[in-house]
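Listed below, chain by chain, are the residues.
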Amino acid sequence: MSRAEHTDTGRASIGTAAPDGTALDGTTPDGTALDGTATIAAPPAAGSHPWLWTLGLFTSEVSITLRRWRTLALLAVLAAVPVLLGIAVWVETDGGGGSVESQGGEGPAFIAQITNNGLFLVFAALAATLPVFLPMAVGVVAGDAIAGEASAGTLRYLLVAPAGRTRLLLAKYASVLVFCMIATLVVAASALAVGALLFPLGEVTTISGTTISFGEGLLRAVLIAGVVAASLAGIAAIGLFVSTLVGSGIAAMATTVGLLITVQILDTIPQLDALHPYLFPHHWMSFSDLMREPLYWDEVRQNLELQALYVVVFGSAAWARFTTKDIDS
């Protein structure tokens, strides 16, 4: 076979071009296959700007990521968590008429407020998924970004196009960040729908004890979802770096998830208190400060700064590795 075909639906192979501009594999100059199936973005025409090719590559990566069955399954699991949480609270409170009792003062403070206002299910669902479910899903997608192409034998053919390794890496990471945002919004939207269905909606009581309107509470929910999505940037950069180190998508995903679990364990060991502020999950739950009145930004800012540091360090490491890596598959 003269060229490789991508295993994912919507990814066509890259071939050489015929004199009329149609690729020998049946791809037209605009990047669309003659049979109507979607392909990767075509190289820019003479005189066009390079950013057009970069944008096409990015949109192609996002489309392919979101159309994979594995990605859809991850999103389905994330959407199911708020449903199960909402039903559990509804059953425990006899149809939402009672209240959730806190055991020894432990557990997310948001859960006790769900029966009073279904909007709190959004905050409780994000608090429940952020430590494990969301970062694991991101780790799977990020770990497969480069290693998955290598194990499928398609990475070399991607680099035939005039994108360059740096642009390809940036497009891959940007598509993972888009998944971070979509995954977080799926959790929030599912929780809001279930909360509105099972519990009353109305004015929101903040952690500080003050009351704000439902509209402002909804804006706080959007803000919190944005902060949660940004909190996943660090693990996304780590997963991308791991993906450049190995040639197996499964190995990269397993390694990324393993690192996540290890760091989570380290963050719970009291003897390592001095190390905790530098671990990427340490400030993840700081988003609860955005439900105070007035907003408390200190720990949220520390979280975002820490995630930015991880992005710079592991993003640079991924770039250094990928741009010097011998691509043989």
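Quick caveat, the model's predicted, so the values are computed rather than measured.

*Asks:* Sorry if this is basic, but what is going on with the nonpolar core here?
*Replies:* Soluble globular proteins: nonpolar side chains tend toward being buried together. By size, the foremost hydrophobic cluster in this structure holds 67 residues, and its most contacted members are Val 122, Phe 123, Val 138, Ile 224, Phe 280 and Phe 287. Those elements giving two or more residues to this core turn out to be helix 2 (69–92), helix 3 (120–129), helix 4 (133–152), helix 6 (164–198), helix 7 (214–231), helix 8 (233–245), helix 9 (249–266) and helix 10 (298–324). Considering every element that reaches this core, the biggest residue donor is helix 6, with twelve residues. Setting aside anything within four residues of it in sequence, one finds Ile 224 in contact with Phe 123, Leu 126, Phe 287, Leu 290 and Met 291.

*Asks:* Explain the packing of aromatic side chains here, please?
*Replies:* In total, this model carries five aromatic pairs according to the counting rule given. Ring geometry for Phe 120 and Phe 123: centres 5.5 Å apart, planes at 85°, overall edge-to-face. Highlighted residues: Phe 120 and Phe 123, both in helix 3, separated by three residues, approximately one helical turn. The buried category is assigned to Phe 120, whose relative accessible area is 3%.

*Asks:* What's the story with helix 3 in this structure? I'm lost.
*Replies:* Because each turn of an α-helix spans 3.6 residues, side chains separated by three or four positions in sequence point in the same direction. Burial analysis of helix 3 places nine of its ten residues in the buried class, the great majority of the element. What helix 3 keeps buried is the set Phe 120, Leu 121, Val 122, Phe 123, Ala 124, Ala 125, Leu 126, Ala 127 and Thr 129.

*Asks:* Got a minute to help me understand the pattern of salt bridges in this structure?
*Replies:* When the charged atoms of two side chains lie near each other, side chains of opposite charge can form a pair. Under the criterion given, the structure shown has seven salt bridges. Asp 298 is paired through a salt bridge with Arg 301; the nearest N and O atoms lie 3.5 Å apart. Here Asp 298 pairs with Arg 301, and both are found in helix 10, just three residues apart, close to one helical turn. Through salt bridges with shared partners, a single ionic network connects Arg 68, Arg 70 and Asp 144.

*Asks:* Sorry if this is basic, but what is going on with the packing of helix 8 against helix 9 here?
*Replies:* The geometry of a pair of packed helices is captured by two quantities: the angle between their axes and the separation between those axes. Taken N-terminus to C-terminus, the directions of helix 8 and helix 9 make an angle of 140°; their axes are 9 Å apart at the nearest point. Taken together, the axes of helix 8 and helix 9 lie oblique to each other. For the pair helix 8 and helix 9, the crossing hand works out as right-handed. Counting all contacts with helix 8, which are made through Ile 235, Ile 238, Gly 239, Val 242 and Ser 243, the residues of helix 9 involved are Ala 252, Thr 255, Thr 256, Leu 259 and Leu 260. Residues of the contact of helix 8 with helix 9, tallied by class, amount to six nonpolar, four polar and no charged.

About the thresholds
Each chain carries its own residue numbering, running from 1 in the written order of its sequence. Residue-level local features of this predicted model are given only where pLDDT is at least 70; pairs of side-chain atoms are given and counted only at 80 or more, and the full residue set underlies all totals for whole chains, interfaces and linings. Note: side-chain values were computed over all heavy atoms of the structure, leaving out hydrogens and water. Here the nonpolar core consists of buried residues drawn from Ala, Val, Leu, Ile, Met, Phe, Trp, Tyr and Cys, with membership extended through side-chain atoms lying within 4.5 Å. Burial classification: accessible surface area is computed with a 1.4 Å probe over protein chains only, and a residue below 20% of its type maximum counts as buried, one above 50% as exposed, and the rest as partly exposed. Here a helix means four or more residues in a row that DSSP labels H or I, a strand means two or more in a row labelled E, and each is numbered from the N terminus. By definition, residues are in contact when any of their heavy atoms lie within 4.5 Å. Between the rings of Phe, Tyr and Trp (Trp by its six-membered ring), a pair exists once the centres lie within 6.5 Å; its type follows the angle of the planes, with under 30 degrees stacked, over 60 edge-to-face, and the other angles tilted. Salt bridges are defined as contacts in which a side-chain nitrogen from Lys or Arg sits within 4 Å of a carboxyl oxygen from Asp or Glu. Note on geometry: axes are C-alpha line fits, over the in-contact stretch for helices, and angles between N-to-C directions span 0 to 180 degrees. For classification purposes, an angle smaller than 35 degrees is called roughly parallel, one larger than 145 roughly antiparallel, one from 65 to 115 roughly perpendicular, and anything else oblique. Left-handed describes a crossing whose near helix is turned anticlockwise from the far helix by less than a right angle; the clockwise case is right-handed. Each residue gets one label: Ala, Val, Leu, Ile, Met, Phe, Trp, Tyr, Cys and Pro are nonpolar, Asp, Glu, Lys and Arg are charged, and the others, such as Gly, are polar.

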